[in-house]
Amino acid sequence: GAPGALPPSAPAQARPTVPSLYASGGLAAQRAQRPGGCAAPPPPCGPPVGRRPVAPSSRGEPRKQPAVDEGNPVVQFLKEAGLQMYAAALLQSGFDDLETLAAIEDADMKDLGIPSYHIVRLRRKIQELQRRSAGDDDEPSPDHPVVAFLAEVGLSQYSRALLKSGFDEMDTLLLIDDLDLKELGVARGHALKLKKRLREYELERDAQEAAPTLLARAPQRRQPEKSQRVPAPRGP
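What you are looking at is a predicted structure, and each value in this text was computed from that prediction instead of being measured.

Draft legend 1. Summary view of the overall build of the protein. A count of helical and extended segments in the protein gives 12 helices and 0 strands. N-terminal to C-terminal, the α/β element order of the protein is α-α-α-α-α-α-α-α-α-α-α-α. Looking at the protein residue by residue over its 236 residues, the buried ones come to 19%. Taking contacts inside the protein between residues at least 6 apart in sequence as the whole, the part at least 24 apart equals 42%. Counting every atom, the protein has about 19200 Å² of accessible surface; 53% of that belongs to carbon and sulfur.

Draft legend 2. The pattern of salt bridges, seen in detail. Under the counting rule described, the total for this entry stands at 4 salt bridges. Across the salt bridge formed by Arg123 and Asp106, the nearest N and O atoms sit 3.0 Å from each other. Remark: Asp106 occurs in helix α6 (residues 106-111) and Arg123 occurs in helix α7 (residues 116-135); sequence separation between them is 17 residues. Take Arg123: its relative accessible area is 22%, and that puts it in the partly exposed class. Judged by its relative accessible area of 38%, Asp106 falls in the partly exposed class.

Draft legend 3. Just the side chain of His118, in detail. Mapped onto the elements of the fold, His118 is located in helix α7. The class of His118 is buried, set by a relative accessible area of 12%. Ignoring anything within four residues of it in the chain, the contact list for His118 reads Leu83 and Tyr86.

Draft legend 4. Molecular detail of a positive patch on the surface. Where like charges cluster on the molecular surface, the positive patch consists of Lys193, Lys196, Arg197 and Arg199. With respect to the helices, strands and loops of the structure, Arg197 is situated in helix α12 (residues 188-217). Classification of Arg197 as partly exposed rests on a relative accessible area of 35%.

Draft legend 5. Spatial organisation of helix α3 (residues 73-81). Val74, Val75, Phe77, Leu78 and Ala81 are the residues of α3 that are buried. What you see down the axis of α3 is that its buried residues fit within an arc of 160°, all on one side. The distance from a side-chain oxygen at the start of α3 to the backbone nitrogen of Val74 is 2.8 Å, and the residue carrying that oxygen is Asn72.

Draft legend 6. Representation of the confidence of the model for the protein within the structure. Put simply, the protein has an average pLDDT of 76, and 59% of its residues get 70 or more. Mean pLDDT in the protein bottoms out at helix α1 (residues 18-23), which sits at 49, and peaks at helix α8 (residues 145-152), which reaches 93. Ignoring residues within four places in sequence, the model shows residues 20-24, a span with pLDDT below 50, making 6 contacts including any to other chains.

Draft legend 7. Fine view of α8. Every buried residue of α8 is listed here: Val146, Val147, Phe149 and Leu150. Considered in projection along α8, the buried side chains sweep an arc of 165° and stay on one side of the axis. In α8, those exposed residues whose orientation departs by more than 90 degrees from the buried face are Pro145 and Glu152. Trailing α8 by a residue or two, Gly154 shows a phi angle of about 80°, which is positive.

Conventions adopted
Residues numbered from 1 in each chain as written. Predicted model: local features only at pLDDT ≥ 70, side-chain atom pairs only at ≥ 80, totals over all residues. Heavy atoms only, no water. Helix = DSSP H or I, 4+ residues; strand = E, 2+ residues; numbered from the N terminus. Buried < 20%, exposed > 50% of the residue type's maximum accessible area, 1.4 Å probe, protein only. Contact = heavy atoms within 4.5 Å. Areas by Shrake-Rupley, 256 points an atom, 1.4 Å probe, with all protein chains shown as cover. Salt bridge = Lys/Arg side-chain N within 4 Å of Asp/Glu carboxyl O. Patch = residues over 30% accessible without salt bridge, like charges linked within 9 Å, V, L, I, M, F, W, Y side chains within 5 Å. Lys, Arg positive; Asp, Glu negative; His and termini not counted. Charge placed at Lys NZ, Arg CZ, Asp CG, Glu CD. Arc of directions from axis to C-beta. Polar contact = N/O pair within 3.5 Å; in protein donor to acceptor, adjacent residues only side chain to side chain. pLDDT = per-residue confidence, 0-100.

Structure below.
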């Protein structure tokens with residue numbers, strides 16, 4: 001070339017335009033390439049390796065009661081009392097016979113989640129069972145005044161319970177009140193019937209006792225005295 005002439009400038013390297021970057025795979029594809037030039041594998045579709053899939057929640061579904069032995073005396077007793085829903089809890093807690101169940105305390109029943117109104121019912125049924133068991137061997141005599149009275153009014157099924165509770169005389173039975181009858185398990189209708197018959201018995205007895213007294217106090221009629229004849233004087 002001519003002296004003093006500037007050397008021809010090197011052709012400017014063309015910069016890649018933004019569209020050309022996205023055309024060659026985009027920035028995301030270039031950043032995802034590994035140092036070795038290999039593209040990163042796509043993420044797995046399934047759950048991460050080593051983790052168990054989470055089971056769907058079962059909340060809201062009713063819990064199934066565990067099976068119980070239907071032949072167990074405790075289960076049969078609870079069914080008669082209408083409390084069979086607590087059979088599994090009582091059996092699992094060791095109350096698996098009637099003798100052990102009779103010794104249960106209110107605190108034990110509360111720990112098992114039994115509400116107070118069912119505790120009262122269970123306690124009453126246990127007491128009735130104990131009274132029946134205690135009186136099974138002693139058959140009341142039909143000649144007993146209380147037994148005869150109850151048989152007459154059609155309530156002989158309560159004879160044993162009343163005698164065992166100390167109402168073994170008619171005078172004592174006349175003093176019985178509603179609370180006593182309720183604790184003895186006497187049905188409400190039978191309690192009303194018994195109290196009505198007792199009032200009738202008391203009135204009848206008082207009338208019989210008062211009858212001799214009234215007769216004794218009644219004025220006795222005087223019988224007319226026989227006139228004594230005076231002999232007429234005899235003449236000379």
